Amino acid sequence: MNKQQLFENIKRKKSFLCVGLDTDIKKIPAHLLKEEDPIFAFNKAIIDATADLCIAYKPNLAFYESMGVKGWIAFEKTVNYIKENYPDQFIIADAKRGDIGNTSEMYARSFFDELNIDSVTVAPYMGEDSVKPFLIYPEKWVILLALTSNKGSHDFQLTEDVNGERLFEKVLKTSQQWASDEQMMYVVGATQGKMFLDIRKHVPNHFLLVPGVGAQGGSLEEVCKYGMNKMCGLIVNSSRGIIYADKTEKFAEEARKSAKAVQTEMEEQLKAIL
Ligand SMILES: O=c1ccn([C@@H]2O[C@H](COP(=O)(O)O)[C@@H](O)[C@H]2O)c(=O)[nH]1
């Protein structure tokens, strides 16, 4: 999917919501445990209940890998289910990969060749040769960690060099030499508030993947105020706040209500640019 198609989906659905499929066997409703593949059964119900309200799904690999082979199978089935039934959805493998070149090549192959996923999150710490292997795939995206939503983002990302340049700014500046805004996005946490102004000074036109609303308490209003651009430029993720809205047989219905509440707020925010 290219940038224009992403924007068209945002306009059509009046939403820039990404539903995070952080599916934890210990948190899903008990009645699903009798299913052959409880993780997939849960995901399928959540996807069917929310697909018209969101433009993206973000399974986080940790939740699947922690289940071994069964988890990987559930992940693959989930990706295929989205692709077959909701082909307009942008799929993000939140895997935070990145390694020496030949190893990154293998990571890229598994997400882009094997699974045909739209995008993968990548850590920038190992530099250009660790990111480039992900960039040889047309219309596939690298989503590079820039300024994350957690408290630890202060430990390295905000440290300054002798010229006063912060590490996340160096990441934004340097990585723009590797790919354009047609192939690269950045992760910026919703909890970072006004810092979106600084982010936008460096990357006015890029899409940003923004986790941290809902369970982490980030403000959607602030994200939009400081981070929205003329193509929206935001994919805002909520995982726990949507998928675990309820633990009963009504879980999918309640997840839909939570997603609808976020989408309604997004529709309002989009009036500023549409
Ligand atoms: O800076 C980051 C980068 C990634 N994440 C991931 O996003 C979701 C957030 O889940 P919630 O339940 O909505 O808090 C999760 O997969 C994180 O690993 C992030 O939160 N912050």
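Residues numbered from 1 in each chain as written. Predicted model: local features only at pLDDT ≥ 70, side-chain atom pairs only at ≥ 80, totals over all residues. Heavy atoms only, no water.

### Topic: the pairing of strand β4 (residues 119-122)
Here β4 shows no split at all, with Ser 119 and Thr 121 on one side and Val 120 and Val 122 on the other all buried. Here 3 bridges tie strand β3 (residues 90-97) to β4, and the two strands are oriented parallel to one another. Within β4, the residue paired with Ile 92 across the bridge is Ser 119. In this region the chain leaves β3, passes through helix α5 (residues 101-114) and returns to the parallel neighbour β4; the handedness of that crossover is right-handed. As judged from the 4 bridges shared by β4 and strand β5 (residues 141-147), these two strands associate in the parallel manner. Directly across from Ser 119, in β5, lies its bridge partner Trp 141. (Buried < 20%, exposed > 50% of the residue type's maximum accessible area, 1.4 Å probe, protein only. Helix = DSSP H or I, 4+ residues; strand = E, 2+ residues; numbered from the N terminus. Pairing = 2+ DSSP bridges. Right-handed = clockwise from strand over helix to strand, strands pointing away.)

### Focus: the environment of Pro 124
Topologically, Pro 124 is positioned in the loop between β4 and α6 (128-131). Remark: the alpha-carbon pair of Pro 124 and Arg 97, spanning 27 residues in sequence, is separated by 9.0 Å. In this structure, Pro 124 is in contact with Leu 144, Leu 145 and Val 171, ignoring residues within four places of it in sequence. (Contact = heavy atoms within 4.5 Å.)

### Considering the site of the ligand
In the vicinity of the ligand there are 15 residues, among which Asp 22, Ser 149, Gln 216, Ser 239 and Arg 240 approach most closely. Arg 240 is positioned such that a nitrogen or oxygen atom in its side chain is 2.6 Å from an oxygen atom of the ligand. Protein chains shield 87% of the accessible area of the ligand, which is 470 Å² for the free molecule. Counting residues per element, the ones that place at least two in the shell around the ligand are β3 and β8 (234-238). Here the residues of the shell around the ligand sort into 3 nonpolar, 7 polar and 5 charged. (Near = heavy atom within 4 Å. Polar contact = N/O pair within 3.5 Å; in protein donor to acceptor, adjacent residues only side chain to side chain. Areas by Shrake-Rupley, 256 points an atom, 1.4 Å probe, with all protein chains shown as cover. Nonpolar A, V, L, I, M, F, W, Y, C, P; charged D, E, K, R; others polar.)

### As for the packing of helix α10 (residues 220-227) against helix α12 (residues 251-270)
Their axes nearest at 11 Å, the elements α10 and α12 cross at an angle of 30 degrees. Classified by the angle their axes make, α10 and α12 are roughly parallel. Here α10 and α12 pass one another in a crossing that is right-handed. Seen from α10, the contacting residues are Leu 220, Glu 221 and Cys 224; seen from α12, they are Val 262, Glu 265, Met 266 and Gln 269. (Axes fitted to C-alpha atoms, helices over the stretch in contact; angles between N-to-C directions. Parallel < 35°, antiparallel > 145°, perpendicular 65-115°, else oblique. Left-handed = near helix turned anticlockwise from the far one by under 90°.)

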